[in-house]
Amino acid sequence: MGALPAAARAAGKAAAPQAAAPDLFVGTGGHGHTFPGATLPFGMVQLSPDTNNYGWDACSGYHQSDRSIMGFSHTHLSGTGIGDMLDVLVVPTRDTLKLVPGTPQDPAAGYRQTYTNEHAEPGYYRVQLESGVLAELTATERTGLHRYTFARGTDGRTDAHILIDFAHCKQETADEKIRIEDASLALGDDGVLTGSRQVFRWAEGRRIHFAMELSRKPDRVQFFGDDDAPAEKGAKGVSGHRLKVALFFDDASSAPIEIKTGISAVDVAGARAALEEAPGWAFDRVATAARRTWAQQRDAVRVSGGTPAQRTIMASALYHIMMGPTLFSDRDGRYVGLDQKVRTLPAGERTYSAYSLWDTYRGFHPLMTLIRPDMAQRFVKDLIRQTQESPFGPPTWPLQGVETGCMNGWHSVVVLADAHAKGIEADYAAAWPNIRRRSFDAAYPDTLATKGRDHYMKLGYIPADKVKESVSRTQEYAYDDHASAVIAQIAGAHEDAAALRKRSGNWRNVIDPQIGFARARFSDGTWWKDYDPVPLGHMPQPRWRDYTEANGWQATFLVQHDLYGLIAHFGGEAAYEAKLDSFFNAPSTLPDNAPPDIAGLVGQYAHGNEPGHHVPYLYAYVGAPWKTQAMVRRLCTEMYKDDPDGVIGNDDCGQMSAWFILSSLGFYPVDPTTGVYVLGSPLFDRAEMKLGAGKTLRVTAIGNAPDRPYVQSVRWNGRPWTRNWIAHRDLAQGGELEFTMGASPSRFGTAKEDRPPSPAGV
């Protein structure tokens, strides 16, 4: 390779890695669908401003472009492509009482307020509202804390009010009214305001209960029932569907008003108990504790080198991967199971909600096994428990005690297989009975995510004339069969494991080797004749697609567990490498009915959506790892920015962020169930990753520079490393992974014996 240039030698001696400060507004613009409010890592409460509650870009309740705030609600979803939550909206104002929010275009028509001086940091949020209210937010795990400082009006007025809009929730359109049942509000003799409601939106029939304390007793209280009808004077509560209550203060500017709101999915008693997490009135103390908690989490990965923007992106990504799954059990261990029964956990255990498994099995959950093996174990135990309790078997997208059935497959089994391969201890066999029913019983209850299983079992594929998204479903069910076989083997069900391994080869039935593409197949065994890989399916109707958030190009590479079988299916290494080249170099055209999820195009590769996240690493399997290195470096630098539009697609509960973290460190799990990582191109000169049990992984990139993305050689703990992959069991022990980088491709990792493993015989 020759001597390194001076700049490259200097890069090898980069400053000690540091934990940068995250920018909580990264992802709040564009289609990132994140929010900037106050929460704790994996906390139940996410107390954040709502700028809108209808439309796709209001999935998290906040969008940077809206420029007016409706109020502050206590539950949100981070980075999802479907919206829900936004519970218990609190509206502090010095304006006259208004019971409707108005619109982003006309905030003055309702209780919306424009704002200035917005500030957000982990665990704390602050903003100045136009009516003269300084709003501050912080949180414990189950309780949101507000502090409102009311300025004296220029006319000398000191009165103000706080509106609790309990009708507020996520909508699809401005005039839609989501169904709300069993709603109630009540003011107790102890001054605690409590409420309950059942909401039928994405998580159909989920329940939310709250208990709210105020540091000052209001001078007047007015409840409002359905259609904003005022309750009788002096009423202590109201019931119905869409309820509100206004708390009036004659001298609001004399001292700040603090609010504590505990929440529960079980009952009001659970919400009241949540308030015990924040005794007294100590907003600053709680905010300081929240900052300290986040500082400890932020220390999980430290980096040096790269640009200041890239270090901010890394810190922001680390923040976003800890926004969920969210805590779902009360302080006494009670929770709502997927069977809708109230259950109690064993002492010391917790249950969680908002598992975006179709997205997060790919990178988020593998990342947790490295930097938070304690949380990985909690998630695994929880998913095993949910598998046992659910009437639909292994979860797909559980939210607030409801199986939404969103996306395809039952990828919780992949998370279990991944964790087992990484040595995470749990009773995996306990999940097997319900996994077996999902795998073999055609009469087992279906959700939207599992449609077509009967065809899949009978034909080996799902016919496109019977079920939507048939190609992607076939591929994803095959991958879940592979992961389920791992659990069957653990449970001692060896015949079932063999049957599942055989069935996991069903991907072959929807990838036509004659044309080299995944394409629709019909009940009679024939293929879509006038095939075009760019449309979303063989039918012109927008809703009948053959692929899930993908087209034929992107679905062609949706095989993770049998890559050498896929390479052979394409006719060998040269043909497969050429296919990958074509994929990344094809015209970036999409049909008019393509969903906005298919974003961040490089050729036909779409980084803004998860099905292709492993594809840049596939060159490693055909002896061309330098192409992986160049592409990964390009994606790290082009698809992420340090501004509100900084995430190219929905962050999807941390998966988009997890891809950046892992890839910028130099490795990624193409097939998480194998327990290995494929090497890529480290973005930073030095990085330190804190692992469990006090161990540390150090990654060094000697000679790294923007124009030097190619790996020349690798050393692991000081010894030469020729493999283009490394096992989790090695990384998890800690040590130093040292890359030497260059401006030109090298022969590193090209030999057949140095290529990544992929399960054989399927």
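Anything mentioned here points back to the structure above.
Computed from a predicted model, the values in this text were never measured in an experiment.

Draft legend 1. Structural context of the overall build of the protein. A count of helical and extended segments in the protein gives 18 helices and 36 strands. Counted over contacts in the protein with a minimum sequence separation of 6, partners at least 24 positions apart contribute 69%. Approximately 25,700 Å² of the protein is accessible, and the part contributed by carbon and sulfur atoms is 50%. Looking at the protein, you have 79 positive and 88 negative side-chain charges, and the mean spots of the two groups are 4 Å apart.

Draft legend 2. Representation of the nonpolar core in the model. Counting 183 residues, the largest nonpolar core has Phe72, Tyr148, Ile321, Ile371, Tyr576, Phe667 and Met689 as the members making the most contacts within it. If one sorts the elements of this core by residue count, helix H11 (residues 470-490) sits on top with eight residues. Membership of the second largest hydrophobic core comes to twelve residues, among which are Leu77, Trp397, Val402 and Met407.

Draft legend 3. Fine view of the sheet that holds strand S29 (residues 667-668). Spatially, S29-S30-S35 is the arrangement adopted by the three strands of the open sheet, whose pairing is antiparallel. The open sheet has two edge strands, S29 and strand S35 (725-727), and neither has a second partner. Bridge analysis of S29 against strand S30 (residues 676-679) gives two bridges, and the strand direction is antiparallel. Bridge pairing in S30 links Phe667 to Leu679.

Draft legend 4. Molecular detail of helix H7 (residues 373-389). For H7, built from 17 residues, the straight-helix expectation of 24 Å at 1.5 Å per residue is met to within 8% by its first-to-last C-alpha distance of 24 Å. Within the sequence span of H7, burial applies to Met375, Ala376, Phe379, Val380, Asp382, Leu383, Ile384, Arg385, Gln386, Thr387 and Glu389.

Draft legend 5. Highlighting the packing of H11 against helix H12 (residues 494-503). Between H11 and H12, the shortest axis-to-axis distance is 8 Å and the interhelical angle comes to 160 degrees. Taken together, the axes of H11 and H12 are roughly antiparallel relative to one another. The two elements H11 and H12 meet at a crossing, and its hand is left-handed. In this structure, H11 uses Ala478, Asp481, Ser484, Ala485, Ala488 and Gln489 to contact H12, whose residues at the interface are His494, Asp496, Ala497, Leu500, Arg501 and Arg503.

Draft legend 6. Here's a closer look at unusual backbone geometry. Residues Gly324 and Pro325 are joined by a peptide bond in cis, for which omega reads 5 degrees. With respect to the secondary-structure elements, Pro325 resides in the loop between helix H4 (308-320) and strand S19 (326-327). For Gln400, which is not glycine, the phi dihedral falls at a positive 55 degrees. Note that Gln400 resides in the loop between strand S23 (398-399) and strand S24 (402-403). With relative accessibility at 11%, the residue Gln400 sits in the buried group.

Draft legend 7. A look at the pairing of strand S11 (residues 179-187). In terms of strand pairing, S11 meets strand S12 (residues 193-200) through seven bridges, oriented antiparallel. If you follow Ser184 over to S12, its bridge partner there is Ser196. Following S11, the chain reverses through five residues before pairing antiparallel with S12; Gly191 in that reversal takes a positive phi of roughly 85 degrees. The sheet contact formed by S11 and strand S15 (residues 237-240) spans four bridges and is antiparallel. Across the sheet, the residue bridging to Ser184 is Ser239, located in S15.

Draft legend 8. Highlighting the sheet that holds strand S17 (residues 257-264). Taken together, ten strands build an open sheet; the order of strands is S3-S6-S7-S8-S9-S17-S13-S12-S11-S15 and the sheet is antiparallel. Either end of the sheet is taken by a strand with one partner, and the two such strands are strand S3 (68-69) and S15. In the sheet, strand S9 (residues 143-150) pairs with S17 via six bridges, with the strands oriented antiparallel. Pairing of Thr143 across the sheet is with Gly262, part of S17. With respect to the sheet, helix H3 (residues 283-298) is in contact with strand S6 (113-121), strand S7 (124-129), strand S8 (133-139), S9 and S17, its orientation differing from that of S8 by roughly 55 degrees.

Draft legend 9. Geometry of the environment of Ser65. Secondary-structure assignment places Ser65 in the loop between strand S2 (46-50) and S3. In this structure Ser65 comes out as partly exposed when scored by relative accessible area, which is 46%. Taking the C-alpha atoms as reference points, Ser65 and Leu247, separated by 182 residues in sequence, lie 30 Å from one another. Only 2.7 Å separates the side chain of Ser65 from the side chain of His63, close enough to count as a polar contact.

Draft legend 10. Representation of the pattern of salt bridges. Going through the model one piece at a time under the given rule, you end up with 41 salt bridges. Here Arg147 makes a salt bridge to Asp284, at a shortest N to O gap of 2.9 Å. In this pair, Arg147 is assigned in strand S9 and Asp284 in helix H3, connecting sequence segments 137 residues apart. With relative accessibility at 46%, the residue Asp284 sits in the partly exposed group. Where Asp299 meets Lys690, a salt bridge forms, and the shortest distance between an N and an O atom there is 2.4 Å. Of this pair, Asp299 sits in the loop between H3 and strand S18 (301-304) while Lys690 sits in strand S31 (residues 686-690), and the two are 391 residues apart along the sequence.

Reading guide: rules and limits
- The numbering scheme is per chain: residues are counted from 1 as the chain's sequence reads.
- Given that this is a predicted model, residues contribute local features only at a pLDDT of at least 70 and side-chain atom pairs are listed and counted only at 80 or more, while totals for whole chains, interfaces and linings are drawn from all residues.
- Side-chain metrics in this entry use all non-hydrogen atoms of the structure; hydrogen atoms and water are not considered.
- A helix here means a DSSP run of H or I that spans at least four residues, while a strand means a run of E at least two residues long, and both kinds are numbered starting from the N terminus.
- Here a residue-residue contact requires only that any non-hydrogen atoms of the pair lie within 4.5 Å.
- We get accessible surface area from the Shrake-Rupley algorithm with a probe of 1.4 Å; when it comes to residues, only the shown protein chains can shield them.
- Positive residues here are Lys and Arg, negative ones are Asp and Glu, while His and the chain termini are left out of the count.
- For charged residues, the charge sits on one atom: NZ in Lys, CZ in Arg, CG in Asp, CD in Glu.
- To qualify as a nonpolar core, a set must consist of buried Ala, Val, Leu, Ile, Met, Phe, Trp, Tyr and Cys residues joined through side-chain atoms within 4.5 Å.
- Using a 1.4 Å probe on the protein chains alone, a residue whose accessible area is under 20% of its type maximum counts as buried, one over 50% counts as exposed, and one in between counts as partly exposed.
- At least two bridges found by DSSP between two strands are what make those strands a pair.
- Residue count minus one, scaled by 1.5 Å, sets the expected span of a helix.
- Lines fitted to C-alpha atoms define the axes, with helix axes restricted to the stretch in contact, and inter-axis angles between N-to-C directions lie between 0 and 180 degrees.
- Each angle is binned into one of four classes, with values under 35 degrees roughly parallel, values over 145 roughly antiparallel, values of 65 to 115 roughly perpendicular, and all other values oblique.
- Helix crossings are classified by the rotation of the near helix relative to the far one: an anticlockwise turn of less than a right angle makes the crossing left-handed, while a clockwise turn makes it right-handed.
- What qualifies as a polar contact is a pair of N or O atoms within 3.5 Å, subject to a donor-acceptor requirement within protein and to the restriction that residues adjacent in sequence count only when both atoms come from side chains.
- Salt bridges are defined as contacts in which a side-chain nitrogen from Lys or Arg sits within 4 Å of a carboxyl oxygen from Asp or Glu.

Functional significance is not addressed by these values, which are geometric in nature.
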